[in-house]
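# Notes for the structure review
Now for the letters of each chain:
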Amino acid sequence: VWQGLDVVKTVRTMIGETNPADSRPGTIRGDFCLEVSKNVIHGSDSVESAQQEISLWFRPEELTCWQDTAEHWIYE
């Protein structure tokens, strides 16, 4: 589970398109996947979907909200 500013958009860019054939080189799916049904990684399409999907795999006590001490220097 990842957290951060615009994390869904950022992660989906890093992951690549659902169809690995449409994914750019340098993305996880573009470099490591061959078939849609075996695309190596999942990324939620919205914060709401992420919350639902996270609850399927993790109990609340398994999640840690990490706060970077430099965050106030990076984000406004």
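For every chain, the first residue of the written sequence is number 1, and numbering continues from 1 onward in sequence order. It should be noted that, the model being predicted, local features are given only for residues of pLDDT at least 70 and side-chain atom pairs only at 80 or more, the latter also being counted only at that level, while totals for whole chains, interfaces and linings use all residues. Values reported for side chains reflect all heavy atoms of the structure, with hydrogen atoms and water molecules removed beforehand.

## Overview of the side chain of Asn-39
Labels follow the DSSP assignment, with helices taken as runs of H or I lasting at least four residues and strands as runs of E lasting at least two, numbered in each case from the N terminus. Tracing the chain through its elements places Asn-39 in the loop between helix H2 (28–32) and helix H3 (47–57). Setting aside residues up to four positions removed in sequence, Asn-39 forms contacts with Thr-18, Pro-20, Arg-29 and Cys-33. Two residues qualify as a contact provided that any one of their heavy atoms is within 4.5 Å of a heavy atom in the partner residue.

## Some remarks on unusual backbone geometry
Phi angles above zero are rare outside glycine, and Asp-6 is one such case at about 50°. Relative to the helices and strands, Asp-6 resides in the segment before helix H1 (7–15). The phi dihedral of Val-40 is positive, around 70°, even though this residue is not glycine. Tracing the chain through its elements places Val-40 in the loop between H2 and H3. Burial classification: accessible surface area is computed with a 1.4 Å probe over protein chains only, and a residue below 20% of its type maximum counts as buried, one above 50% as exposed, and the rest as partly exposed. Residue Val-40 is classed as exposed on the basis of its relative accessible area, which comes to 58%.

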